[in-house]
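Spelled out, the chains give:
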Amino acid sequence: MEIIGRRKIWYALSLLILIPGLISLLLQGLNLGIDFTGGSMLQLKFERAVTVENVRDVLDKANVGSSTIQLAEGNSVIVRTHTLEQSQRNELVGAMKTQLGDLTVERDENVGPVVGKELTRNALLALLLAIIGMVAYISFRFEFKFAVAAIIALLHDILVVTGLFSIFQIEVDSSFVAAILTVFGYSINDTIVIFDRIRENLRKKKKDENLDALVNRSVKETLTRSINTVLTVIFVLVALLFWGGNTTKVFTLAMLLGVIAGAYSSIFNASPVWYDLKQWERAQRRAKAKAA
Amino acid sequence: MNARKLLQLVALISVVAIAAALSYNPIVQNTKLGLDLQGGLHVVLQAVETPDRKVTQEEMQQVHAIMEQRINGLGVAEPLIQLEGTNRLIIELAGIQDPDKAVDLIGKTALLTFRTADGQTVIEGKDLKEAKEALEPGSNMAIVHLTLNSEGAKKFADVTRANVGKQIGIYLDEDLLQNPTVSEAITGGQARITGYGSLEDARRIAMLLNSGALPVKMEMVEKRTVGPTLGAESLEKSKAAAMIGVGLIFAFMFLYYRVPGFVAIVSLILYSVIVVGILTLLKATWTLPGIAGFLLSLGVAVDANVIIYERLKEELRAGKTLRTAIEDGFQRAFTTILDSNVTTLISIVILYYLGTGPIRGFAVTLGIGILTSMFTALSFTRMMLRSAGGSGLFNNKKLYGA
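Residues numbered from 1 in each chain as written. Chains lettered and ligands numbered in written order. Predicted model: local features only at pLDDT ≥ 70, side-chain atom pairs only at ≥ 80, totals over all residues. Heavy atoms only, no water.

- For chain A, the name recorded in an unreviewed UniProt entry is Protein-export membrane protein SecF, with Heliobacterium modesticaldum as its organism.
- You can read under Subcellular location (unreviewed entry) in the UniProt record for chain A the words "Cell membrane".
- We quote the UniProt Subunit (unreviewed entry) comment for chain A here in full: "Forms a complex with SecD. Part of the essential Sec protein translocation apparatus which comprises SecA, SecYEG and auxiliary proteins SecDF. Other proteins may also be involved." (UniProt positions renumbered as here; feature names shortened; annotations may be inferred.)

In structure tokens form, the structure reads like this:
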């Protein structure tokens, strides 16, 4: 398997997903849920079947504008609106009951705008701190160039996930943030295992083996492990996605995409980036030597 | 064949089986479910602050105590009421049947003021210590008995002295609750308000006064409720998903790695017993993210085994004997597992410190899982493999996938 030699192809494959994702992020951004924007969400389970129009009617009469209505399984309806006062919300539920028949409130969420802003700020802060912590640890245990390559691979994973969520406008909630951070922690695992092998092989490097051959060999030696590990995580995530209920769908989907992207970047991006950094450093050194 | 090693292997498996069987009941009985799994209410209250009116730690403690008192009346089994940061209070009532009633009660966070006829605020909620309804012994008349704190008593004495014969309005925000007339100067910090139709009326006002006796206005910045049916459904579904996920992992490990795969399964069962046991001892609450965290940590635990077995295969292919291959495999796998898990732990720790509520639960579960997996993979799996390898029953290298 030619990892280093064909690295341009592997980079290009990544860019094929990254660039549309980035464009989408710039143009339409993410479909932010009420966890970020603030607002109210009601999930109502009606006794009788209702249509979106029925629900829209009641909302209009109650003067609750700019809401989205979504039908869910089992006569359930999810309504999202701007933040409702408790009294407004009670009136609305009352109106639904009288006009559309008996119902139970399955979920009722109200998030103030302050909380949403904090969530975003904390998520970014967490990412930043995680990056600093990892760079420090990897630099200490390996070397700085490994750290840079690992972080680039991680940013790749996060951009792939957020990009795909943006392209398909899947609504993101606070569990998305948790998923991203977990992907961050999880995918570095894969990268480190490969780097660990490169580090080990460098120590007992044979004279006639080139760096690219050594990296190729290291990736190949750890390949089964990389694939098997990702497979077991994918088993769990697929089980959660199909049988785990609606509430964890966003989280699981983000994790699944992230883990797949992470496996790819660990194998096809992280080591090649490190190799390129190494080559670049050598070229610098040679240029310096020549100048001296 | 080595009988001693074989016996050791059987003993190890039995220990795990017994541990799993014995811990099952205590764990199931002591498991606490989060509100997303049994339904319930989650509320975040935030003090309303202005640049010249910052809330103090003491005031927040007061708010905490008042909310505790109010919620105790609801009869929720284990309410969670805790301060967060400098100006927030989190209330979680799992398993509550009527969340609306609780929201109304918690939401009564209006600011209590006593105002003179010309609209001047003379007494605030923070001056009031307690309001309690009572029947006056002699006349059997319903009254509300007010107790003011020392500062409030002083203010109240001044105000009543200056307003004898006039009315003092009691307001919750802008709502006039009552407009009693001052009959005499009240100096002792104890006052009574009369003129209620029934004890029930007096009780209602007393409760409102107590509710209004918050030292600072609180705003509900976040509210989430989950109905009991949805919670039960989520629990059932995540149980099913967990079974399927774990089943797939076990099947894969056994089919791909054979003998070590079986060792891994035993080791993963031990791992699960330890992690769930620790979480139960820590009185952790199981939430949906928590379950996801546990399942993912299972993935990490599998990974530790996979790293070891891949090493083992490599050593076997390099022509080493089974025994040295097992020892060298573990030796070499150790740094790999250490470095890869420490980097993951870094992000978990950060997730814990910056996250709230369910995200914290997720981080705790995953973190405990990673630490435990390092322990079980490097000690228990090793013991098992040594016994299995030494027993002489499984000498064929094919049984190790090599």
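Alright, that's what it looks like, and here's the rest.
Points about the overall build of chain A
Phase 1: The helix and strand tally for chain A stands at nine helices and six strands.
Phase 2: Against the compact-globule benchmark of 19 Å for 292 residues, chain A has a radius of gyration of 25 Å, which places it well outside the compact range.
Phase 3: Its C-alpha atoms put chain A at 85 × 40 × 30 Å along the principal axes.
Phase 4: Within chain A, the proportion of its 292 residues that are buried is 54%.
Phase 5: Relative to all contacts within chain A whose residues are 6 or more apart in sequence, the contacts with residues 24 or more apart total 78%.
Phase 6: Of the roughly 13,300 Å² of accessible surface on chain A, a fraction of 62% belongs to carbon and sulfur atoms.
Phase 7: If you average the places of the 32 positive and of the 27 negative side-chain charges in chain A, the two averages end up 14 Å apart. (Helix = DSSP H or I, 4+ residues; strand = E, 2+ residues; numbered from the N terminus. Rg over C-alpha atoms; globule rule 2.2 N^0.38 Å. Buried < 20%, exposed > 50% of the residue type's maximum accessible area, 1.4 Å probe, protein only. Contact = heavy atoms within 4.5 Å. Areas by Shrake-Rupley, 256 points an atom, 1.4 Å probe, with all protein chains shown as cover. Lys, Arg positive; Asp, Glu negative; His and termini not counted. Charge placed at Lys NZ, Arg CZ, Asp CG, Glu CD.)

Quick word on the overall build of chain B
Phase 1: The number of helices and strands found in chain B is 10 helices and 13 strands.
Phase 2: For 402 residues, the compact-globule estimate of 2.2 N^0.38 gives 21 Å, and chain B exceeds it by more than 25% at 32 Å.
Phase 3: Along the first, second and third principal axes, the C-alpha atoms of chain B reach 105 × 40 × 30 Å.
Phase 4: By the burial criterion, 50% of the 402 residues in chain B qualify as buried.
Phase 5: A fraction of 73% describes how many contacts in chain B between residues 6 or more apart in sequence connect residues 24 or more apart.
Phase 6: In the structure as shown, chain B presents an accessible area of about 18,300 Å², 58% of it carried by carbon and sulfur atoms.

Details of the packing of helix H8 (residues 211-243) of chain A against helix H8 (residues 288-317) of chain B
Phase 1: Remark: H8(A) packs on H8(B), axes separated minimally by 9 Å, with the N-to-C direction vectors making an angle of 155°. Judged by the angle between their axes, H8(A) and H8(B) are roughly antiparallel. Here H8(A) and H8(B) pass one another in a crossing that is right-handed. Here A:Glu221, A:Thr224, A:Arg225, A:Asn228, A:Thr229, A:Thr232, A:Val233, A:Val236, A:Leu237 and A:Leu240 of H8(A) lie close against H8(B), whose contacting residues are B:Ala292, B:Leu295, B:Leu296, B:Gly299, B:Val302, B:Asp303, B:Val306, B:Ile307, B:Glu310 and B:Glu314. (Axes fitted to C-alpha atoms, helices over the stretch in contact; angles between N-to-C directions. Parallel < 35°, antiparallel > 145°, perpendicular 65-115°, else oblique. Left-handed = near helix turned anticlockwise from the far one by under 90°.)

Concerning the UniProt feature "transmembrane region" (unreviewed entry) in chain A
Residue and element names in this part refer to chain A.
Phase 1: Summarizing the sequence annotation, UniProt attributes the feature "transmembrane region" (unreviewed entry) to residues 9-30, 123-140, 147-170, 176-195, 226-244 and 250-275 in the numbering used throughout.
Phase 2: With 86% helix and 0% strand, residues 9-30 has its two end C-alpha atoms placed 29 Å apart.
Phase 3: This span, residues 123-140, is 100% helix and 0% strand, and a straight line between its end C-alpha atoms measures 26 Å.

Brief notes about the sheet that holds strand E12 (residues 218-226) of chain B
Phase 1: The eight strands lie next to each other as E3(A)-E4(A)-E2(A)-E5(A)-E12(B)-E2(B)-E4(B)-E3(B), forming an open sheet whose pairing is antiparallel. Two strands in the sheet have a free side with no partner beyond their single neighbour: strand E3 (68-72) of chain A together with strand E3 (80-84) of chain B. Averaged over all pairs of adjacent strands, the angle between strand axes in this sheet comes to 20°, irrespective of strand direction.
Phase 2: Where E3(B) lies against strand E4 (residues 88-94) of chain B, five bridges are found, and the strand directions are antiparallel. Bridging across to E4(B), B:Gln82 finds its partner in B:Ile90.
Phase 3: Relative to the sheet, helix H3 (residues 57-72) of chain B contacts strand E2 (40-47), E3, E4 and E12 of chain B, its axis offset from that of E3(B) by approximately 165°. (Pairing = 2+ DSSP bridges.)

Here we look at the domain arrangement of chain A
Residues and elements named next belong to chain A.
Phase 1: Segmenting chain A into domains produces domain 1 (39-111) and domain 2 (115-291).
Phase 2: The C-alpha-based centres of domain 1 and domain 2 are spaced at 42 Å.
Phase 3: Facing four residues of domain 1, the contacting portion of domain 2 comprises four residues.
Phase 4: Contact between domain 1 and domain 2 buries roughly 290 Å² in total, counting both sides, with carbon and sulfur atoms accounting for 46%.
Phase 5: Where domain 1 touches domain 2, the interface holds one salt bridge.
Phase 6: Between Glu 171 and Arg 80 there is a salt bridge; the shortest N-O distance is 3.2 Å.
Phase 7: Here domain 1 and domain 2 share one residue pair in polar contact (both at pLDDT 80 or more) between them. (Domains from an automatic or database assignment. Buried area = accessible area lost by both parts, 1.4 Å probe. Salt bridge = Lys/Arg side-chain N within 4 Å of Asp/Glu carboxyl O. Polar contact = N/O pair within 3.5 Å; in protein donor to acceptor, adjacent residues only side chain to side chain.)

Considering unusual backbone geometry
Phase 1: The backbone of A:Asn75 sits at a positive phi, close to 60°, despite the residue not being glycine.
Phase 2: With a phi angle near 55°, B:Arg258 is a residue other than glycine that sits in the positive phi range.
Phase 3: Note on placement: B:Arg258 falls in helix H7 (residues 228-281).
Phase 4: For B:Arg258, a relative accessible area of 41% puts it in the partly exposed group.

Section: the side chain of A:Asn228
Phase 1: Of note, A:Asn228 is situated in helix H8.
Phase 2: On the basis of relative accessibility, which here comes to 4%, the residue A:Asn228 falls in the buried class.
Phase 3: There is a polar contact of 2.7 Å between the side chain of A:Asn228 and the side chain of B:Tyr257.

Considering the interface of chain A and chain B
One widely used convention gives an interface's size as the accessible area the parts lose upon coming together.
Phase 1: The interface of chain A with chain B comprises 63 residues on the first partner and 54 residues on the second.
Phase 2: Both sides of the chain A and chain B interface together cover about 5,200 Å² of buried area, and 62% of this is carbon and sulfur.
Phase 3: Linking chain A to chain B there are 10 salt bridges.
Phase 4: In this structure, the salt-bridge partner of A:Glu109 is B:Arg224, at a minimum N-O distance of 2.9 Å.
Phase 5: Contributing elements (two or more residues each) for the side of chain A that touches chain B: helix H4 (86-100), strand E5 (103-111), helix H5 (113-141), helix H7 (174-203), H8 and helix H9 (249-291) of chain A.
Phase 6: Split into classes, the residues belonging to the side of chain A that touches chain B amount to 28 nonpolar, 19 polar and 16 charged.
Phase 7: Of the pairings in the sheet, the one linking E5(A) to E12(B) comprises five bridges and is antiparallel in character. (Nonpolar A, V, L, I, M, F, W, Y, C, P; charged D, E, K, R; others polar.)

Examining the UniProt feature "domain: Protein export membrane protein SecD/SecF C-terminal" (unreviewed entry) in chain A
Phase 1: Summarizing the sequence annotation, UniProt attributes the feature "domain: Protein export membrane protein SecD/SecF C-terminal" (unreviewed entry) to residues 101-279 of chain A in the numbering used throughout.
Phase 2: Summarising residues 101-279 of chain A: 82% helix, 6% strand, and an end-to-end C-alpha distance of 71 Å.

Observations regarding the sheet that holds strand E7 (residues 128-135) of chain B
Hydrogen bonds along the backbone pair up the strands of a sheet, which may run parallel or antiparallel.
Residues and elements named next belong to chain B.
Phase 1: A sheet is described by the order of its strands in space; here three strands give the open sequence E7-E8-E11, paired in antiparallel fashion. Since the sheet does not close on itself, it has two edges, and those belong to E7 and strand E11 (190-193), each with one partner. Ignoring which end each strand starts from, the neighbouring axes of this sheet average 25° apart.

Focus on empty space enclosed by the protein
Phase 1: The final tally for this structure, using the stated rule, is two cavities of 30 Å³ or more.
Phase 2: Considered as a void within the structure, the largest cavity measures approximately 100 Å³ in volume.
Phase 3: Looking at the largest cavity, the residues that line it are A:Val193, A:Asp196, A:Arg197, A:Glu221, A:Thr222, A:Arg225, B:Ile307, B:Glu310, B:Arg311, B:Glu314 and B:Thr336.
Phase 4: Those elements that provide at least two residues to the lining of the largest cavity are H7 and H8 of chain A together with H8 of chain B. (1 Å grid on protein atoms, 1.4 Å probe; cavity = no way out; pocket = protein on both sides within 12 Å on 5 of 7 lines; lining within 4 Å. Points joined across faces, edges and corners; volume = space filled by probe spheres on them.)

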